[in-house]
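Per-entry structural report
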Amino acid sequence: MENHAYSGGPAENGKVETRSVASPMNSSTTLQTSVSDDTKTSTSTTRDKWGRDIEFMLSCIAYSVGFGNIWKFPYTALKHGGGAFLLPYLIVLFIVGRPIYYLEMILGQFSSRGCVKLYDLAPAMRGIGVAQTIAMFVVMTYYAPVLAITFRYFVASFSSTLPWSECNPAWANCVNSSFVGKLEPTNMSVGLQSSAELFFLKEVIHKAPSLDNGLGIPDWKLSLCLLFAWIVVATILIRGAKSTGKASYFLAIFPYVIILILLVQTLMLDGAMQGILYFITPQWDKLLSIEVWYEAVTQCFFSLSVCYGGIIAYSSFNNFSNNVHRDAVIISWLDTFTSIVAGCIVFGVIGNLAYVSGQPDIQKLARDGAGLTFMTYPDAIAKFQFVPQLFASLFFLMLFIVGVGSNLGVTTSIITAIRDQRPHLKHWQVVLGTVTVGYFLGLLYLTPGGFDFLDVIDYYGAKYVTLTFAVLELATVAWIYGVDRICRDIKFMLGIETSFYWRVCWGLIAPAATLLILIFSFADFELQKVPIGYNVLGLFIYVIAFLQLPGWYVYTIYRRRCKQTESLRKAARNALEPMDVWGPENDAVRVRYQSEEEQYQSARPVGTTALKRIKKRMFNIG
């Protein structure tokens with residue numbers, strides 16, 4: 001992320017230019033190229049790079065594998081057909097998730113740009129990158145507070161008695177989570193809540209009944225945990241990609257050690273297999289539901305973290321010839337494998353909870369999101385007969401580590417976008433500024449009304465902004481920049497031909513699927529059940545993000561007409577063409593790329609029919 005100057009300056013007066021260029025193995029290779037005055041597109045700085053190519057893949061694993069795998073996937077799968085959900089999810093992964101993941105890796109590595117600067121490929125569409133950065137900023141504000149709650153539980157796990165296992169005398173209608181057995185139905189047992197649920201609601205987040213009286217004051221313990229979470233993130237980010245890459249060895253690998261331990265322990269619990277079978281047993285009638293496919297695409301986006309900007313930012317620190325095709329395939333399958341294993345762990349524990357509590361309906365014990373993680377799972381762990389503190393600490397440590405890995409990607413995307421636009425700012429200044437703002441805004445979510453506020457902000461500022469601009473991103477890259485040009489860029493960068501599978505997914509299936517999901521989301525839209533002011537705030541965030549697109553389009557046309565005497569129509573069309581500086585980061589490589597692209601364009605036949613142009617553009621046919 002830090003910029004370092006090239007060893008040679010730009011050539012002058014057509015002289016031979018000598019400079020050092022990073023090779024794929026990070027060795028220094030001297031290139032000589034003759035660059036005349038009219039072809040100079042020099043950049044005075046180059047990006048920091050990963051220490052090794054493996055660090056990029058591990059960082060992407062740490063970024064993509066997060067809360068979406070641990071708490072969202074199991075519940076979504078259960079709600080929408082159990083094992084039957086896996087089939088549409090795998091299909092969507094194959095034709096939407098993986099192609100977009102690979103596409104964003106290609107774009108970031110080829111251009112060495114973040115999600116805003118990336119739109120040098122079509123400057124009029126730069127508002128897409130700005131809007132995605134706004135969405136990432138929204139996510140950043142609430143991701144760390146969830147980390148803070150996770151760390152609070154991790155610390156509490158070392159108590160001699162788990163604090164959520166027994167009721168506080170002040171809690172009414174409470175039953176100890178450590179209680180093993182089935183309560184006899186009586187008038188007194190109606191409306192009982194577990195001590196794990198009440199501990200989360202009353203002791204941890206101090207949840208208010210509603211937002212009618214405002215957010216309230218942040219909890220001081222959670223505020224300290226939030227500070228710790230941001231200190232961890234800042235410490236890793238402060239030296240740029242190299243320190244992030246080194247941390248990725250731990251952040252990406254160690255959670256799997258804990259996951260393996262938890263899986264083995266879960267399989268040994270009474271009733272665990274019943275819970276796992278309930279999780280994976282297909283309900284084939286659900287396959288005919290449009291909502292299942294909608295949830296599959298949504299889960300794929302959320303789980304892989306595509307169209308947020310993080311993958312582009314991480315890829316921009318790659319060496320130019322890194323094999324991102326291999327990385328995309330490995331990471332997408334590993335992400336899915338992690339989701340399935342996490343589901344087995346979660347529902348194995350819920351199966352055990354059903355067994356010891358005598359509740360025959362497992363689905364009644366499962367909660368969505370934070371409820372699953374901070375109520376259902378602790379309630380089950382409290383019933384463990386052998387050292388429950390050990391399994392509680394392992395679970396929350398795993399959750400904290402995968403959360404840190406994801407938060408690194410979110411924050412890196414924002415830092416990269418800022419530094420691409422303001423390269424004169426020092427890296428450490430941007431890091432400290434970003435985490436400081438993130439900390440103070442994060443306090444809003446640690447108030448009694450914080451979780452309700454989180455739902456509102458996530459609904460408008462993350463979900464709808466991301467889906468809207470995912471459609472626009474794919475349309476811009478596939479149809480304005482062009483699938484055919486992407487494939488030429490891949491050939492230039494990696495020396496491989498792009499198959500029909502990638503072409504049809506990028507050009508047709510992924511944009512169409514994403515557009516359908518967006519339409520379905522708007523058809524299903526409804527205001528949140530909170531005071532009107534919070535809905536206005538959420539809608540304001542969405543409108544501000546959406547207006548970035550027309551705003552930047554108009555600004556780009558205005559700049560072009562100020563610099564060049566073009567008609568409005570011509571300026572609007574040319575604003576969608578790549579800028580002169582578009583291409584690889586290294587000056588010499590970029591000159592060669594631009595020369596090859598000019599040769600291709602001059603040799604391209606003109607006057608063909610629209611159908612032939614589409615066939616050529618999409619499938620290299622005709």
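Model, not experiment: these values are computed from the prediction. Position numbers for residues start from 1 in each chain and track the written sequence from start to end. The model is predicted, so local features are restricted to residues of pLDDT at least 70 and side-chain atom pairs to those at 80 or more, both for listing and for counting; the totals for chains, interfaces and linings are taken over all residues. The basis for every side-chain value is the complete set of heavy atoms in the structure, and neither hydrogens nor water enter the calculation.

For this text, the term disulfide refers to a pair of cysteine sulfurs within 2.5 Å. Counted according to the given criterion, the structure contains one disulfide. Each sulfur of the disulfide joining Cys167 and Cys174 lies 1.9 Å from the other. Linking Cys167 and Cys174, the disulfide has an S-S dihedral of approximately -85° and is accordingly described as left-handed.

This paragraph deals with the environment of Ile95. Secondary structure elements follow DSSP: runs of H or I no shorter than four residues count as helices, runs of E no shorter than two count as strands, and numbering proceeds from the N terminus. When you line up the elements, Ile95 lands in helix 3 (residues 83-111). Think of it in three bands: with a 1.4 Å probe and only protein chains considered, a residue is buried below 20% of the maximum accessible area for its type, exposed above 50%, and partly exposed in between. The exposure class assigned to Ile95 is partly exposed, which follows from its relative accessible area of 25%. C-alpha separation for the pair Ile95 and Cys505, spaced 410 residues apart in sequence, amounts to 5.9 Å.

Take the residue count of a helix, subtract one, and multiply by 1.5 Å to get its expected span. In this model helix 17 (residues 532-563) runs 46 Å from its N-terminal to its C-terminal C-alpha over 32 residues, within 8% of the 46 Å that 1.5 Å per residue would give. At every residue, the bend is computed as the angle between two fitted axes, covering the seven residues ending there and the seven beginning there respectively. Within helix 17, the axis deviates most sharply at Gln548, by approximately 30°, and proline Pro550 lies no more than four positions further along. When helix 17 is considered as a whole, its buried residues turn out to be Tyr534, Asn535, Gly538, Ile541, Tyr542, Ala545, Gln548, Leu549, Thr556 and Ile557. We call two residues in contact when some of their heavy atoms are within 4.5 Å. Contacts from the buried residues of helix 17 go to helix 4 (126-156), helix 15 (450-494), helix 16 (500-523) and helix 18 (568-574).

Buried residues of nine kinds, namely Ala, Val, Leu, Ile, Met, Phe, Trp, Tyr and Cys, make up a nonpolar core once their side-chain atoms join them within 4.5 Å. By size, the foremost hydrophobic cluster in this structure holds 189 residues, and its most contacted members are Ile149, Trp164 and Phe200. Of the residues forming this core, the biggest block, 25 residues, is contributed by helix 15.

Angles run from 0 to 180 degrees between N-to-C directions of axes, and those axes are lines fitted to C-alpha atoms, restricted for helices to the stretch in contact. Between helix 15 and helix 17, whose axes approach to 9 Å, the crossing angle comes to 20°. Judged by the inter-axis angle, helix 15 sits roughly parallel to helix 17. The two elements helix 15 and helix 17 meet at a crossing, and its hand is right-handed. Across from Phe453, Val456, Ile457, Tyr460, Gly461, Tyr464, Val465, Thr468, Phe469 and Leu472 in helix 15, the residues of helix 17 making contact are Tyr534, Asn535, Leu537, Gly538, Leu539, Ile541, Tyr542, Ala545, Phe546 and Leu549. In this count, Pro and Cys sit with the nonpolar residues alongside Ala, Val, Leu, Ile, Met, Phe, Trp and Tyr, while Asp, Glu, Lys and Arg are called charged and the others, Gly among them, polar. Grouping the constituent residues of the contact of helix 15 with helix 17 by class yields 16 nonpolar, four polar and no charged. We call two directions roughly parallel when the angle between them is under 35 degrees, roughly antiparallel when it is over 145, roughly perpendicular when it lies between 65 and 115, and oblique otherwise. Each crossing gets its hand from how the near helix is turned against the far one by less than a right angle, where anticlockwise is left-handed and clockwise is right-handed.

This part covers a nonpolar patch on the surface. A cluster of nonpolar side chains, contributed by Phe522, Phe525, Leu527, Ile532, Val536 and Leu539, occupies part of the molecular surface with about 530 Å² of accessible area. Inspection of the secondary structure assignment puts Ile532 in helix 17. Note that patches include only residues with greater than 30% relative accessible area and no salt bridge, and the join distances are 9 Å for like charges and 5 Å for nonpolar side chains (Val, Leu, Ile, Met, Phe, Trp, Tyr). All accessibility values rest on the Shrake-Rupley procedure with a 1.4 Å probe; residue burial counts only the protein chains present in the view. In what follows, salt bridge is the name for a side-chain nitrogen of Lys or Arg lying within 4 Å of a carboxyl oxygen of Asp or Glu.

Okay, the side chain of Arg152 next. Its place among the elements puts Arg152 in helix 4. No salt bridge is formed by the buried Arg152; the nearest opposite charge belongs to Asp219, separated by 4.9 Å. Non-local contacts of Arg152, meaning those with residues more than four positions away in its chain, are made with Phe199, Glu203, Val204, Lys221, Leu222 and Cys225. The convention is simple: Lys and Arg are positive, Asp and Glu are negative, and His and the chain ends are not counted.

On to the environment of Val96, then. Turning to its location among the elements, Val96 is positioned in helix 3. Val96 gets classed as buried once you look at its relative accessible area, which sits at 1%. In the structure, Val96 is positioned 410 residues away from Trp506 in sequence and 8.2 Å away in space, judged by C-alpha atoms.

What follows covers the packing of aromatic side chains. Only rings of Phe, Tyr and Trp enter the pairing, Trp through its six-membered ring, and a pair is recorded when the two centres are within 6.5 Å. The plane angle decides the type: under 30 degrees is stacked, over 60 is edge-to-face, the rest tilted. For the structure shown, the criterion picks out 53 aromatic pairs. Ring geometry for Trp50 versus Phe317: centroids 5.9 Å apart, planes at 80°, classification edge-to-face. Separated by 267 residues along the polypeptide, Trp50 in the loop between strand 4 (45-46) and helix 1 (53-64) and Phe317 in the loop between helix 10 (310-315) and helix 11 (324-357) bring together distant segments of the chain. For the ring pair Tyr459 and Tyr460, a centre distance of 5.0 Å and an interplane angle of 85° mean the geometry is edge-to-face. For the pair formed by Tyr459 and Tyr460, the shared burial category is buried. Three or more aromatic residues joined by ring pairs make a cluster, and in this case those are Tyr153, Trp164, Phe199, Phe200, Phe374, Tyr377, Phe395, Phe396 and Phe451. Whether a charge sits over a ring depends on NZ of Lys or CZ of Arg being within 6 Å of the ring centre and within 35 degrees of the ring normal. Over the face of the ring belonging to Phe302 we find Lys72, whose NZ or CZ atom lies 5.6 Å from the ring centre. Between the NZ or CZ atom of Arg488 and the centre of the ring of Tyr600, over which it lies, the distance is 3.8 Å.

Purely spatial values, then, with no claim about function.
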